[in-house]
Protein chains: 4
Amino acid sequence: MQTIHRLDCDDAQRIIEAAKKHAEAIGVPMCIAVMDESCHLIGFLRMDGGKIPSITMAIDKCFTATGTQKPTQALAEPSMPGGPVYGLTSAHGGRFVVIAGGLPILKNGQVIGGIGVSSGTPAQDLEVAQAGVHAFGAEGA
Amino acid sequence: MQTIHRLDCDDAQRIIEAAKKHAEAIGVPMCIAVMDESCHLIGFLRMDGGKIPSITMAIDKCFTATGTQKPTQALAEPSMPGGPVYGLTSAHGGRFVVIAGGLPILKNGQVIGGIGVSSGTPAQDLEVAQAGVHAFGAEGA
Amino acid sequence: MQTIHRLDCDDAQRIIEAAKKHAEAIGVPMCIAVMDESCHLIGFLRMDGGKIPSITMAIDKCFTATGTQKPTQALAEPSMPGGPVYGLTSAHGGRFVVIAGGLPILKNGQVIGGIGVSSGTPAQDLEVAQAGVHAFGAEGA
Amino acid sequence: MQTIHRLDCDDAQRIIEAAKKHAEAIGVPMCIAVMDESCHLIGFLRMDGGKIPSITMAIDKCFTATGTQKPTQALAEPSMPGGPVYGLTSAHGGRFVVIAGGLPILKNGQVIGGIGVSSGTPAQDLEVAQAGVHAFGAEGA
């Protein structure tokens, strides 16, 4: 039997609240998703004005970062034509998103969950995701 | 041009918080989803111990109630063999869920959103959904 | 943060081996799937002669039992027309299977994984699943 | 009438065991899938720590290698923009994976099955897949 550590519901709400606060500070309404270490959704919030396709994009960025244990943007270059994981973006039903805005959340070097943010520019999505991670006091990625 | 009224992000958080409080009171961890009048997710929360398939079930109950503008359980009888909407449960890729726990949220007779709850018995799911609706001061359904 | 217990890879192999042995004893080649508590596949085996659709059926029985924390056959009656969860069988993309052969696996009252078996009669599938669960020394369900 | 040769259940278990041993030797927990010549799953194993999206990736690499009768990475260049099978990676619902780690398994020049491995780097996935193939004494690809 394995013993696993994962984000709980309070953690997810705290992370989303911090990300939301940062999104308000920069004036960009966002979709924000938080998953546990098994890539299952714990919390989600779409701020007023958050874009419709960003619902899925935030969730899939979250899936990608949590599942691959890497920031989504770290997968962009390797998945380009000629790269070692070319084709990744269309694999798994298109759920892998390599645009900035998805981050795994680590504690003691272990992935315990992840966050995905979408609706702004990739740079804005990433800084909002980082605000969420930092509020939790977790190791950024 | 149309003018549309819909739940906002604060409403969704308030509704989810009230539903969560009721779920805690009855001791059943739940998955809770809130959508706007266009059937798009605004907020979601899985309490610690909420079941994995209930993530999708809560979202799909919410979709069903918001989209059909009816409590999910009101569709159970009409969708049975011999009923007028027989076959509904498997239509739309199986997204219509006719199990109790999904409610539209109305204001002045207009659907402005909906809530879906899953992880307990259908009766428990329904009362948690009702607690969410009532906290908003909306007309239950 | 939550602390979770789940089946490990050795557990899954032991469970599958025991189920396979029982299937051989009754002379029915089976498809056998084992998941962790988050409904993610750990191990799978199709014995020679195991039926092709049973690959998915075993996996989906496993998903159903693990996710709902109930033996699959316990869901058959409640999901019939007139039952409280009528429509369950077509929800979640049709992944809920209410035919005997899926069992959650519990330790100290907590679901730590599950098993799904398919290719024989439902009664045969169930006894092979039980053989798997018992070999692990877990609480049957 | 045709006579077909294919991997059996014992072969699949032997192949998976050898791949697992190699994965342990290099210290990378892997997801390992083995299919028969008809692209149907015989065996699957996720080692403790194997990544969640790698469940599907291992299965889809296995499907790709078995179905196209080519190592997955051999399809990377031809499927790039300008290549003769450009678009392959998104065809078939995204099931074709052209990342290293999928190998067909041949006997007397005939494909009798395949293996797919995922969770490490593509190079690690490939060497674990090769370890599986070699243990079977089959012709690598």
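What counts and what doesn't
- Residues numbered from 1 in each chain as written.
- Chains lettered and ligands numbered in written order.
- Predicted model: local features only at pLDDT ≥ 70, side-chain atom pairs only at ≥ 80, totals over all residues.
- Heavy atoms only, no water.
- Salt bridge = Lys/Arg side-chain N within 4 Å of Asp/Glu carboxyl O.
- Helix = DSSP H or I, 4+ residues; strand = E, 2+ residues; numbered from the N terminus.
- Buried < 20%, exposed > 50% of the residue type's maximum accessible area, 1.4 Å probe, protein only.
- Contact = heavy atoms within 4.5 Å.
- Buried area = accessible area lost by both parts, 1.4 Å probe.
- Phe/Tyr/Trp six-rings, centres within 6.5 Å; stacked < 30°, edge-to-face > 60°.
- Lys NZ or Arg CZ within 6 Å of the ring centre and 35° of its normal.
- Pairing = 2+ DSSP bridges.
- Axes fitted to C-alpha atoms, helices over the stretch in contact; angles between N-to-C directions.
- Least-squares fit on C-alpha atoms with pLDDT ≥ 70 in both.
- Parallel < 35°, antiparallel > 145°, perpendicular 65-115°, else oblique.
- Left-handed = near helix turned anticlockwise from the far one by under 90°.
- pLDDT = per-residue confidence, 0-100.

1. Focus: the pattern of salt bridges
Side-chain pairing between opposite charges can occur once the charged atoms of the two side chains come close. Residues and elements named next belong to chain C. Summed over the entire model, instances satisfying the criterion amount to 33 salt bridges over all chains. Of the charged contacts, one joins aspartate 125 and lysine 61 as a salt bridge, the two residues approaching to 2.9 Å between their closest N and O atoms. Here lysine 61 lies in helix H2 (residues 53-68) and aspartate 125 lies in helix H3 (residues 122-136), a separation of 64 residues in the sequence. Across this residue pair, the class does not change: aspartate 125 and lysine 61 are buried.

2. Digging into the interface of chain C and chain A
For interface size, the figure often reported is the accessible area lost on association. Chain C puts 14 residues into the contact, and the matching count from chain A is 14 residues. Here chain C packs against chain A, burying approximately 1400 Å² in sum over the two surfaces, 51% of which is carbon and sulfur. It is Met1(C), Gln2(C) and Arg6(C) that lose the most area in chain C upon contact with chain A, and together they represent 48% of the buried surface on that side. In this structure, the connection of chain C to chain A is made through 2 salt bridges. In this structure, Arg6(C) engages Glu37(A) in a salt bridge whose closest nitrogen and oxygen atoms are separated by 2.6 Å. Counting residues per element, the side of chain C that touches chain A draws most heavily on strand S1 (residues 2-6) of chain C, at 5 residues.

3. Remarks on the packing of aromatic side chains
Taken as a whole, this structure holds 4 aromatic pairs over all chains when the rule is applied. With a centroid separation of 5.8 Å and an interplanar angle of 35°, the aromatic rings of Phe63(D) and Phe96(D) are classed as tilted. With a gap of 33 residues between them, Phe63(D) in helix H2 (residues 53-68) and Phe96(D) in the loop between H2 and strand S3 (102-107) connect regions that are remote in the sequence. With relative accessibility at 10%, the residue Phe63(D) sits in the buried group. In this structure Phe96(D) comes out as buried when scored by relative accessible area, which is 14%. Its end group placed over the ring of Phe63(A), Arg95(A) keeps NZ or CZ at 4.1 Å from the ring centre. Looking at Lys107(D), its charged tip hangs above the ring of Phe136(D), at a distance of 5.1 Å from the centre.

4. As for the interface of chain A and chain B
Taken residue by residue, the interface counts 18 residues in chain A and 18 residues in chain B. Regarding the contact of chain A and chain B, the summed buried area is about 1600 Å², with carbon and sulfur atoms giving 52% of it. Of all residues in chain A, Cys9(A), Leu41(A) and Arg46(A) bury the most surface against chain B, accounting for 30% of the area lost on that side. Counting the contacts that link chain A with chain B gives 4 salt bridges.

5. Things to note about the sheet that holds strand S4 (residues 102-107) of chain A
Picture the strands of a sheet paired through backbone hydrogen bonds; they go either parallel or antiparallel. Spatially, S4(A)-S5(A)-S2(A)-S3(A)-S2(B)-S1(B)-S4(B)-S3(B) is the arrangement adopted by the 8 strands of the open sheet, whose pairing is antiparallel. Sheet topology places S4 of chain A together with strand S3 (102-107) of chain B at the edges, where each strand pairs with a single neighbour. For this sheet, the mean inter-axis angle between neighbouring strands, taken without regard to orientation, is 15°. In terms of strand pairing, S4(A) meets strand S5 (residues 110-118) of chain A through 6 bridges, oriented antiparallel.

6. Details of unusual backbone geometry
Notably, His92(C) is not glycine yet its phi reads approximately 55°, a positive angle. Considering the arrangement of structural elements, one finds His92(C) in the loop between H2 and strand S4 (102-107). You will see that Cys39(D), though not glycine, has its phi angle at about 65°, which is positive. Structurally, Cys39(D) is set in the loop between strand S1 (31-36) and strand S2 (41-46).

7. Quick word on the relation of the copies chain C and chain A
Structural alignment of chain C on chain A gives an RMSD of 0.0 Å, achieved by rotating through 180° and translating 0.0 Å along the axis. Such a combination of rotation and displacement between the chain copies is what one expects of a two-fold axis. Among all C-alpha atoms of chain C, that of Ile4(C) lies closest to the rotation axis, at 2.5 Å. Of the interface residues in chain C, 100% have counterparts in chain A that sit at the interface too, so the contact is made through matching surfaces.

8. Description of the packing of helix H1 (residues 9-26) of chain D against helix H3 (residues 122-135) of chain D
All names here are of chain D. Direction vectors running N to C along H1 and H3 enclose 140°, while the axes themselves pass 7 Å from each other. In terms of orientation, H1 and H3 fall into the oblique class. Considering the relative orientation of H1 and H3, their crossing is right-handed. Packed against H1, whose contacting residues are Arg14, Ile15, Ala18, Ala19, His22, Ala23 and Ile26, the element H3 presents Gln124, Glu127, Val128, Ala131, Gly132 and Ala135 at the interface.

9. What about the sheet that holds strand S2 (residues 31-36) of chain C?
Spatially, 8 strands are ordered S4(C)-S5(C)-S2(C)-S3(C)-S2(D)-S1(D)-S4(D)-S3(D) in an open sheet, and the strand pairing comes out antiparallel. The sheet terminates laterally at S4 of chain C together with S3 of chain D, the two strands that pair on one side only. Pairs of neighbouring strands in the sheet enclose a mean axial angle of 15°, with direction left out of account. Of the pairings in the sheet, the one linking S2(C) to strand S5 (residues 110-118) of chain C comprises 6 bridges and is antiparallel in character. Paired with Ile32(C) across the two strands is Val117(C), which belongs to S5(C). Its contacts with the sheet put H3(C) on S4 and S5 of chain C, and the angle it makes with S5(C) is roughly 145°. Docked against the sheet, H2(D) engages strand S3 (41-46) of chain C together with S1, S2, S3 and strand S4 (110-118) of chain D, running at close to 155° with respect to S4(D).

10. Some points on the confidence of the model for chain A
Summing up the model confidence of chain A, the mean pLDDT is 96 and the portion of residues at 70 or higher is 97%. Predicted complex, confidence summary: ipTM 0.96, pTM 0.97.

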